Amino acid sequence: MKLHYTVIDPTKNITLLVTTPVERTLQPQVAGRLLRLEQEAEQVAFLEQSDAGTHLQMMGGEFCGNAAMSLAAWLARQARLPLGESMEYLLDISGVGEPVACAVTPVRTCYLGSVDMPLPERIEPMDLPLSDGSLTLPVVFFPGIAHIVAPAGGVRRTAAEELLRRWSGLLPADAVGLLLWNEGTSFFDPLVYVKATDTAVWERGCASGSAAIAAWLTAQRGQDQCLSLKQPGGTIAAVTRWQDRLTALTISGTVKLGEEKTADVVF
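To start, this report covers the structure provided alongside it. (Residues numbered from 1 in each chain as written. Predicted model: local features only at pLDDT ≥ 70, side-chain atom pairs only at ≥ 80, totals over all residues. Heavy atoms only, no water.)

So, on to empty space enclosed by the protein. All chains considered together, the criterion is met by one cavity of 30 Å³ or more. Its boundaries defined by the atoms lining it, the largest cavity holds a volume of some 120 Å³. Contributing to the lining of the largest cavity are 16 residues, with Gln43, Glu62, Val192, Val194 and Glu203 lying nearest its centre. Listed by contribution, the elements that provide at least two residues to the lining of the largest cavity are strand 12 (187-194), strand 13 (199-202) and helix 4 (207-221). Each residue belonging to the lining of the largest cavity can be placed in one class, and the counts come to nine nonpolar, four polar and three charged. (1 Å grid on protein atoms, 1.4 Å probe; cavity = no way out; pocket = protein on both sides within 12 Å on 5 of 7 lines; lining within 4 Å. Points joined across faces, edges and corners; volume = space filled by probe spheres on them. Helix = DSSP H or I, 4+ residues; strand = E, 2+ residues; numbered from the N terminus. Nonpolar A, V, L, I, M, F, W, Y, C, P; charged D, E, K, R; others polar.)

Dropping the structure here:
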């Protein structure tokens, strides 16, 4: 199978956008092959066409804000959007039932993007098992992905992948994240496990993880938030609205479009 794909960099969360049609049942296998081929890539998204229009399907069926901004930037380049001019797209993306609004503006070196994230279904503490007891941590449940927020010193990085794989079985989500959060520096390290591909990746920039921390902090503080959330690949901004509950959550960052490539994938 000859595949055409574009390498895209949203806050160093390197995303491979596959534009060749791939059957849904084959996508996890294809994603695994491409991730082995492109060593810097962290996730794969597939562009699908249907009678309803364009659909973006993540490799694990989850929702991803960085992939949404990546697709919007790719569409803007296809449309030759002039520098400094903004365009808003309503995007159909896996993991959510309604189109997601995403705006992009091309500047000289990249695209500035923002996306209205789906709101969490719930935020609740969970008792998560350890080898010698348990740990109670907040879990933010989004459509298709759940994020566990842990203090940076509370979970050893060397043990994180094994723990996340174990904990993922307790969470009804296509993908599960573990966010090692340092509130003093507004920095977090995101580890994301995707069940369909059985891959665990320390991401350099995580949009849904940023949204999870923003939602959790907003619920804790009970008021609107404007946050700059630092990650290994850079900073993602998050703005929330609170009116007795979380009513809106927008994240923004930069997107760099890389080269378009082809690969032969053999099964």
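Turning our eyes to something else, we now look at the side chain of Thr6. Here Thr6 lies in strand 1 (residues 2-10). Excluding residues within four positions of it along the chain, Thr6 makes contact with Thr15, Leu16, Leu17, Trp74, Arg77, Gly258, Glu259 and Glu260. (Contact = heavy atoms within 4.5 Å.)

Let's shift gears to helix 1 (residues 27-37). Listed in full, the buried residues belonging to helix 1 are Gln27, Val30, Ala31, Gly32, Leu34 and Leu35. Of the surrounding secondary structure, the elements contacted by the buried residues of helix 1 are strand 1, strand 2 (15-18), strand 3 (43-50), strand 4 (53-58), strand 13 and strand 16 (246-264). (Buried < 20%, exposed > 50% of the residue type's maximum accessible area, 1.4 Å probe, protein only.)

For the rest of this paragraph, the subject is the pattern of salt bridges. As a working rule, side chains carrying opposite charge can pair if their charged atoms are close by. Under the definition given, this model contains 14 salt bridges. Note that Lys261 is salt-bridged to Glu38, the shortest N-O span being 3.0 Å. With Lys261 in strand 16 and Glu38 in the loop between helix 1 and strand 3, this residue pair connects regions lying 223 residues apart in the sequence. Classification of Glu38 by relative accessible area gives buried; the value is 13%. A cluster of three or more residues bridged by salt bridges with shared partners is formed by Glu40, Glu42 and Arg204. (Salt bridge = Lys/Arg side-chain N within 4 Å of Asp/Glu carboxyl O.)

Across the nine residues of strand 1, seven count as buried, placing the element largely inside the fold. Judged from the four bridges that link them, strand 1 and strand 2 form a sheet pairing that is antiparallel. Among the inter-strand pairings, Ile8 is bridged to a residue of strand 2, identified as Thr15. Connecting the antiparallel pair strand 1 and strand 2 is a turn made up of four residues, with Thr11 showing a positive phi of about 50°. (Pairing = 2+ DSSP bridges.)

As a further point, take the layout of surface pockets. Space inside the largest pocket adds up to approximately 200 Å³. Sorting elements by how many residues they give to the lining of the largest pocket places helix 3 (residues 157-168) first, with four residues. Residue composition of the lining of the largest pocket, grouped by class: five nonpolar, two polar and four charged.

Okay, the nonpolar core next. Counting residues in hydrophobic clusters, the biggest one holds 72 residues, and the most contacted among them are Leu34, Val44 and Ile251. Those residues within four positions of Leu34 in sequence are excluded, and the remaining contacts are Leu3, Tyr5, Leu16, Val18, Val44 and Ala263. Of all hydrophobic cores here, the second largest spans 21 residues; its members include Ala160, Leu164, Trp167 and Leu171. (Core = buried A, V, L, I, M, F, W, Y, C linked by side-chain atoms within 4.5 Å.)

Quick look at the packing of aromatic side chains now. Scanning the entire structure with this criterion turns up zero aromatic pairs. A cation over an aromatic ring shows up here: Arg122 above the ring of Phe141, its NZ or CZ 3.8 Å from the ring centre. (Phe/Tyr/Trp six-rings, centres within 6.5 Å; stacked < 30°, edge-to-face > 60°. Lys NZ or Arg CZ within 6 Å of the ring centre and 35° of its normal.)

Turning our attention to helix 2 (residues 65-78). The first and last C-alpha atoms of helix 2 sit 20 Å apart over 14 residues, in line with the 20 Å expected at 1.5 Å per residue. Burial analysis of helix 2 places 11 of its 14 residues in the buried class, which makes it a mostly covered element. Within helix 2, the full set of buried residues consists of Gly65, Asn66, Ala67, Ala68, Met69, Ser70, Leu71, Ala72, Ala73, Trp74 and Ala76. After helix 2 finishes, the residue Arg80 shows a positive phi value of roughly 55°. (Expected span 1.5 Å × (residues − 1).)

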